[in-house]
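# Examining the three-dimensional arrangement
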Amino acid sequence: MVDKNKFSRRDFIKGAAVGTAAVAGVALAPGLAQAKTSEGSIIPSKWDEEADVVIAGYGSTGLPAAIEAHDAGARVLIIDKNDWAGGDMRRCGGAIAQAGSIVQKALGIQDSQQAFFDYMLACGEGYVDPDLLLPFSKNDNVDWVIQYLGGQPVSEWNLAPKEMHPGPGLNVSGTPVYFDKYKMPKAIRSHWFTGAQKEPFRDGWPSPGGTCVFKTFDETVKKRKIKTLMQTGLTELITDANGEVLGVKALSGGKTVLIKAKRGVVIGTGHWLTNANMVRNYLRQDINDPNFFGGWGGFFTNKLSAPSQGDGIIAAQALGGDLAFIAAGYNGGLKINPKAQVLNVFGKPIPRLYAAGRATGGIVNSQYPHCGIYLSSAIFFGRVAGRNAAAEKPWKAV
């Protein structure tokens, strides 16, 4: 016999998931009919847009996810809240970290995936997820960009002028002091792509390498004619009564639009460090403090990063999405597994929901190992998310 006076945390989350669906049903009442999922939940009878895979964010996660999903046979739609594309990818220095790349081999650089894993794990000091670091340490991002996307060819690569220098070329960069701290040999694995396109940034930050990397991804997406809706920002995830993600609710031109995702949704909305409330709640800091982020706060509160408000994190939390190491430093976010599935607070995947990049946690803590980690991890797990979302079976109304 069930004691109705005892109400567990699991019951609460389950009720919250049902409640979320119910609230969404009320909010979307004009578009609802008696069509139902196989689980019996009422869903919108009319969708404004439809795709197999819907990706929130046209940047470091969203672009590789879109390419992989498209090339796996899925119909893809990318949405982005901004009126310009690229996010932090366009502002970064353009370094991608990989161990054992074709560039390293061509230049006679010795490196190993095991050394990469060991170093990342050491830098994490217990505040990273080994289950994510292991596949990431085996990434082939540099090779993929060069050989598959037509990026800067191997013949055009050289060693960078010096360490701690934003290329172009291959070097030890970022925070090599950690190699000494953990008594590990310095690894020359920061691959800085050449800034061939001299495009000014919205806030004047000179980082031609990131612009070059973005150009390669952007052109690839355009060649594949992947549909994109700019000025269309994710606000909520639409689910059935069991918490299975069916689509997204977004704000576009001041109007709410409903977008059906037949196979899955990928969150690539970036970090949360310009959301004053999240920074205050999780880090107990003020983003306006000149010492915020060790004095580097301006890097995240600039015009390019300002729109990164943790939208995807908040949307997933409404479904019971768990957080990983978000209070341990500036690099936490949604908890994912090696398949890039977003996990709930009980460690179970939220059906059809994926995420990668700065919206997730588990790769880096407050000690940044070296340049190229942010971008490379976003690309790697973005690719994983895109492939896995495309492999989902389409959901059907009954």
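Residues numbered from 1 in each chain as written. Predicted model: local features only at pLDDT ≥ 70, side-chain atom pairs only at ≥ 80, totals over all residues. Heavy atoms only, no water.

Averaged over all residues, the pLDDT of the protein is 85; the fraction at 70 or higher stands at 82%. The low-confidence segment residues 1-41 (pLDDT under 50) makes 55 contacts with residues lying over four places distant or belonging to another chain. (pLDDT = per-residue confidence, 0-100. Contact = heavy atoms within 4.5 Å.)

This brings us to the packing of aromatic side chains. For the structure shown, the criterion picks out 13 aromatic pairs. Aromatic pair Tyr 127 and Phe 325: ring centres 6.4 Å apart, planes at 85 degrees, arrangement edge-to-face. Here the residue Tyr 127 occupies a position in the loop between helix H5 (113-124) and helix H6 (130-137), and Phe 325 occupies one in the loop between strand S12 (323-324) and strand S13 (333-334), the gap between them amounting to 198 residues. When its relative accessible area of 30% is taken as the criterion, Phe 325 is described as partly exposed. Geometrically, the ring pair formed by Trp 144 and Phe 217 is tilted, given 6.0 Å between the ring centres and 50 degrees between the ring planes. Of this pair, Trp 144 sits in helix H7 (residues 141-147) while Phe 217 sits in helix H9 (residues 208-223); the two residues are 73 residues apart in sequence, bridging distant segments of the chain. Residues Trp 144 and Phe 217 agree in their burial class; the two are buried. We note Lys 260 situated over the ring of Trp 395; from NZ or CZ to the ring centre the distance is 4.8 Å. Over the aromatic face of Tyr 374 sits the side chain of Arg 358, whose NZ or CZ is 4.0 Å from the ring centroid. (Phe/Tyr/Trp six-rings, centres within 6.5 Å; stacked < 30°, edge-to-face > 60°. Helix = DSSP H or I, 4+ residues; strand = E, 2+ residues; numbered from the N terminus. Buried < 20%, exposed > 50% of the residue type's maximum accessible area, 1.4 Å probe, protein only. Lys NZ or Arg CZ within 6 Å of the ring centre and 35° of its normal.)

This brings us to the pattern of salt bridges. Scanning the entire structure with this criterion turns up 17 salt bridges. Between Glu 125 and Lys 181 there is a salt bridge, with the nearest N and O atoms lying 3.4 Å from each other. Note that Glu 125 is positioned in the loop between H5 and H6 and Lys 181 in helix H8 (residues 177-181), a separation of 56 residues in sequence. Salt bridges sharing partners connect three or more residues here, namely Glu 68, Asp 140, Arg 383 and Arg 387. (Salt bridge = Lys/Arg side-chain N within 4 Å of Asp/Glu carboxyl O.)

The N-to-C vectors of H5 and H6 enclose an angle of 150 degrees; their axes lie 9 Å apart at closest approach. Judged by the sense of rotation from one axis to the other, the crossing of H5 with H6 is right-handed. Two secondary-structure elements touch here, H5 through Gln 113, Phe 116, Phe 117, Met 120 and Leu 121 and H6 through Pro 130, Leu 133, Leu 134, Phe 136 and Ser 137. A per-class count over the contact of H5 with H6 returns eight nonpolar, two polar and no charged. (Axes fitted to C-alpha atoms, helices over the stretch in contact; angles between N-to-C directions. Left-handed = near helix turned anticlockwise from the far one by under 90°. Nonpolar A, V, L, I, M, F, W, Y, C, P; charged D, E, K, R; others polar.)

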